[in-house]
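# Summary of the model geometry
Listed here are the chains, written in short residue letters.
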Amino acid sequence: MLKPEPGHPETRIMATGVLGAIACGAGIAAQTRINGQLGAEIGDGYVAAVISFGSGLVVLLVLLLVSRAARQGLGIIIGGLRTGRVPWWMVLGGSAGALFVLSQGLAAGVLGIAVFTVAVVFGQTISGLVIDRRGLGSAAPPTITPARIVGSALMLAAVTLIVSTQFASRVPLWLVLLPLAAGFAIPWQQAVNGQIRVISGSPIAATLLNFVVGTTLLGLACVVNALLVGLPQEYPTNPVLYLGGVIGVGFIALGAILAPRIGVLLLALGTISGQLVVALLLDVVVPADGHPLALTTVIGAAITLIALAIAALPSPKVRPSPKVRVPRGNSRP
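Worth saying up front: this structure is predicted, and the values here are computed from it rather than measured. (Residues numbered from 1 in each chain as written. Predicted model: local features only at pLDDT ≥ 70, side-chain atom pairs only at ≥ 80, totals over all residues. Heavy atoms only, no water.)

## Quick look at the overall build of the protein
What the protein contains, in helices and strands, is 11 helices and 0 strands. When the helices and strands of the protein are read in sequence order from the N terminus, they spell out α-α-α-α-α-α-α-α-α-α-α. Counting all 333 residues of the protein, 49% fall into the buried class. Working note: accessible area of the protein is about 16,400 Å², and carbon and sulfur atoms make up 68% of it. (Helix = DSSP H or I, 4+ residues; strand = E, 2+ residues; numbered from the N terminus. Buried < 20%, exposed > 50% of the residue type's maximum accessible area, 1.4 Å probe, protein only. Areas by Shrake-Rupley, 256 points an atom, 1.4 Å probe, with all protein chains shown as cover.)

Below, the structure written as structure tokens:
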């Protein structure tokens, strides 16, 4: 059996894709801290989520105006929906993003960045494995290699190690279910975004659909909540707290590009590693109140990188059998 050499194009593409997946995770962790803090300061996770998604939508609308390729891609998607070439559920990836951003605003500040991230990570790992095993829509399921199974198991072990001490403080169990559900939804979102990106040829168009759907759903939820409890009266002046949507545009677009290239599972595992490592760094540099950094978090984050390296090992390839030359002519035995 042959393995691709370090300089082989397949190896370079995989390595670049894994680094991109880690960057996605870094963006998710940064957005989680920002939106969690914004929700805590204004006292309304629904409004925080709308601010995050709405600001990202504004950025994407500007990009749509200046990008001809994005406008053409959006036209292809709309035409595909009319003809049935694009199933309607494939453009609903933004609903998963809405759930994730809402969980950031409602739960991240209460649970702490580490517990929140662990819950998301657990859902991502299981969901990514299932989606890659079964495939999605017209996309053929990628090969689930032993290395990816081992990497996934090691990733879950790292999550278990981290959570073993982080749950020592009493946190409401029902609140953990919100980021867990969001984690299950993220790989599905990345998978459908990847297919929409391939169909349209534009990551901007695919990301725009996410933000249109997500902003609409979050806006409706915010209106219902405002009718019940009212809107916040004061908003923070720190401009950093309003960057969550811009960061979201970046990692959603990047995920749409990477999903068809490296598979949803490897994208999820790379994203997880980026999330945990950056969450750890954030807890060191700007620790959240009441959520001290534990040694198990450091060890667990290191294990996730090892798990990612194992999962990213290229699948062995079988050397083709040499062709047997058959003599021409009417030779007799």
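That covers the picture; the talk isn't over yet.
## A word on the packing of helix 3 (residues 68-83) against helix 8 (residues 203-229)
One way to put it is that helix 3 packs onto helix 8 with a least axis distance of 7 Å and a crossing angle of 60°. Classed by the angle they form, the pair helix 3 and helix 8 counts as oblique. In the crossing of helix 3 with helix 8, the sense of the turn from one axis to the other is right-handed. Contacts between helix 3 and helix 8 involve Ala70, Gly73, Leu74 and Ile77 from the former and Ile204, Ala205, Leu208 and Leu209 from the latter. The class makeup of the residues in the contact of helix 3 with helix 8 is 7 nonpolar, 1 polar and no charged. (Axes fitted to C-alpha atoms, helices over the stretch in contact; angles between N-to-C directions. Parallel < 35°, antiparallel > 145°, perpendicular 65-115°, else oblique. Left-handed = near helix turned anticlockwise from the far one by under 90°. Contact = heavy atoms within 4.5 Å. Nonpolar A, V, L, I, M, F, W, Y, C, P; charged D, E, K, R; others polar.)

## Side note on the nonpolar core
If you look at the biggest cluster of nonpolar residues, it comprises 60 residues, and the most contacted ones within it are Ile196 and Leu266. If sequence neighbours within four positions are ignored, Leu266 has contacts with Met14, Val18, Ala21, Asp132, Arg148, Leu308, Ala311 and Ala312. Of all hydrophobic cores here, the second largest spans 6 residues; its members include Leu38, Ile42, Val47 and Leu241. (Core = buried A, V, L, I, M, F, W, Y, C linked by side-chain atoms within 4.5 Å.)

## Thoughts on the side chain of Ser152
If you trace the backbone, Ser152 turns up in helix 6 (residues 146-166). Excluding anything up to four places from it in sequence, Ser152 contacts Thr125, Leu129, Leu265 and Leu269.

## Regarding the packing of aromatic side chains
In this structure the tally under the stated criterion is 1 aromatic pair. With 4.8 Å between their ring centres and 40° between their planes, Phe53 and Phe211 make a pair best called tilted. One end of the pair, Phe53, is in helix 2 (residues 45-66); the other, Phe211, is in helix 8, with 158 residues separating them in the sequence. Both residues of the pair, Phe53 and Phe211, belong to the buried class. (Phe/Tyr/Trp six-rings, centres within 6.5 Å; stacked < 30°, edge-to-face > 60°.)

## Quick notes on a nonpolar patch on the surface
On the surface, a cluster of nonpolar side chains totalling about 480 Å² of accessible area is made up of Val58, Val62, Leu63, Leu65 and Val66. Assignment of secondary structure puts Leu63 in helix 2. Among the residues examined, Leu63 registers a relative accessible area of 31% and is labelled partly exposed. (Patch = residues over 30% accessible without salt bridge, like charges linked within 9 Å, V, L, I, M, F, W, Y side chains within 5 Å. Salt bridge = Lys/Arg side-chain N within 4 Å of Asp/Glu carboxyl O.)

## What to know about the confidence of the model for the protein
Per-residue pLDDT for the protein averages 79, and the proportion of residues at 70 or more is 82%. Averaged pLDDT values for the elements of the protein fall to 76 in helix 6 and rise to 92 in helix 3. Segment residues 1-7 is flagged for pLDDT under 50; beyond a separation of four residues in sequence, or across chains, it makes 13 contacts in the model. Low pLDDT (under 50) marks residues 318-333, which in the prediction has 1 contact with non-local residues, meaning those over four places away or in another chain. (pLDDT = per-residue confidence, 0-100.)

## Notes on helix 8
Taking 1.5 Å per residue, 27 residues should reach 39 Å; helix 8 reaches 38 Å between its end C-alpha atoms and fits that length. Remark: Gly230 follows helix 8 within two positions and exhibits a positive phi of approximately 85°. (Expected span 1.5 Å × (residues − 1).)

## Notes on the packing of helix 2 against helix 9 (residues 244-262)
Put simply, helix 2 and helix 9 touch, their axes get as near as 7 Å, and they point 60° apart. By the criterion of interaxial angle, the relationship of helix 2 to helix 9 is oblique. In terms of crossing hand, the pair formed by helix 2 and helix 9 is right-handed. Residues Ser52, Ser55, Gly56, Val59 and Leu60 of helix 2 pack against Gly244, Gly245, Val246 and Val249 of helix 9. Among the residues forming the contact of helix 2 with helix 9, the class breakdown is 4 nonpolar, 5 polar and no charged.

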